[in-house]
Amino acid sequence: MRSLLICSQGSDIFQYPMAVHSKPKKIISIEINPVSFGYLKENIALNKAGNIIEPIAGDCAKVTPCGIADRVIMGYLDGQEYLPEGISALLPGGILHYHEAVPEAIEERPVERILEASKEQGRSAQIIGVHRIKKYAPGVWHVVVDAMVN
């Protein structure tokens, strides 16, 4: 893996295991909360991960770089408004890892959102997997969709 972009509040839970086990060249971690961003930078220093993890302060909708990532992790359960940025950050053939809280009656919604957002950018998406993670609330599932975007 060459590069990984994490657009997620609380991205610390993802980035350190990925930096250790996946051995990417770079992880870009975007954090909007100033207090959390301070902890993010402190954790990068404590874990001696500054050569791999690049922290960016700001809103994913405004600071996400384009065309740089082999994989984008979107950890918000309601991150559909950030799908255009997540998709535009991907290199052709990159993988989008998208989380959403979905009512059981419309469980196909995250797949439809990814396909539509890709199409709006003149790109295509192939769904690799859809996984129910756990119940989020009565009648609502935490669902993860992996899609390859060309």
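Residues numbered from 1 in each chain as written. Predicted model: local features only at pLDDT ≥ 70, side-chain atom pairs only at ≥ 80, totals over all residues. Heavy atoms only, no water.

**Looking at the environment of Glu81**
Here is step 1 of the chain: With respect to the secondary-structure elements, Glu81 resides in the loop between β4 (69–74) and α4 (83–89).
Here is step 2 of the chain: Residue class for Glu81 comes out exposed when judged on its relative accessible area of 58%.
Here is step 3 of the chain: Residues Glu81 and His99, 18 residues apart in the sequence, show an inter-C-alpha distance of 12 Å. (Helix = DSSP H or I, 4+ residues; strand = E, 2+ residues; numbered from the N terminus. Buried < 20%, exposed > 50% of the residue type's maximum accessible area, 1.4 Å probe, protein only.)

**Details of the pattern of salt bridges**
Here is step 1 of the chain: Applying the stated criterion across every chain, the model contains 5 salt bridges.
Here is step 2 of the chain: Arg113 is the partner of Glu100 in a salt bridge, and the nearest nitrogen-oxygen pair spans 2.7 Å. Separated by 13 residues along the polypeptide, Glu100 in strand β5 (residues 90–103) and Arg113 in helix α5 (residues 109–120) bring together distant segments of the chain.
Here is step 3 of the chain: Taking the relative accessible area as the measure of exposure, Arg113 reaches 26% and is therefore partly exposed.
Here is step 4 of the chain: Close ionic contact of Glu107 with Arg132 constitutes a salt bridge, the shortest N to O distance being 2.7 Å. One end of the pair, Glu107, is in the loop between β5 and α5; the other, Arg132, is in strand β6 (residues 125–137), with 25 residues separating them in the sequence.
Here is step 5 of the chain: Residue class for Arg132 comes out partly exposed when judged on its relative accessible area of 44%.
Here is step 6 of the chain: Through salt bridges with shared partners, a single network forms among Glu100, Arg109 and Arg113. (Salt bridge = Lys/Arg side-chain N within 4 Å of Asp/Glu carboxyl O.)

**Thoughts on α5**
Here is step 1 of the chain: End to end, α5 covers 16 Å across 12 residues, agreeing with the expected 16 Å (1.5 Å per residue, within 8%).
Here is step 2 of the chain: Turning to α5, its buried residues number three or more, namely Pro110, Val111, Ile114, Ala117 and Ser118. Down the axis of α5, the smallest arc covering the buried residues is 135°, so these residues share one side. Exposed side of α5, more than 90 degrees from the buried face: Lys119 and Glu120 are the residues found there.
Here is step 3 of the chain: Phi for Gly122, located one or two positions after α5, is positive at around 75°. (Expected span 1.5 Å × (residues − 1). Arc of directions from axis to C-beta.)

**With respect to the side chain of Asp59**
Here is step 1 of the chain: Considering the arrangement of structural elements, one finds Asp59 in the loop between β3 (53–57) and α3 (60–63).
Here is step 2 of the chain: Here Asp59 is buried and forms no salt bridge, its nearest opposite-charge partner Lys62 lying at an N-O distance of 4.8 Å.
Here is step 3 of the chain: Ignoring anything within four residues of it in the chain, the contact list for Asp59 reads Ile30, Ile32 and Tyr82. (Lys, Arg positive; Asp, Glu negative; His and termini not counted. Contact = heavy atoms within 4.5 Å.)

**Considerations on the pairing of strand β7 (residues 140–149)**
Here is step 1 of the chain: Most of β7 sits inside the fold, with 9 of its 10 residues counted as buried.
Here is step 2 of the chain: Two strands pair when backbone bridges link them, and β5 and β7 are joined in this way by 10 bridges, in the antiparallel orientation. By the bridge assignment, Val102 is partnered in β7 with Trp141.
Here is step 3 of the chain: Both β6 and β7 contribute to a ladder of 10 bridges, which runs antiparallel. From the neighbouring strand, Val130 faces β7, where its bridge partner is Val145.
Here is step 4 of the chain: What sits between β6 and β7 in their antiparallel hairpin is a turn of 2 residues, with Gly139 showing a positive phi close to 75°. (Pairing = 2+ DSSP bridges.)

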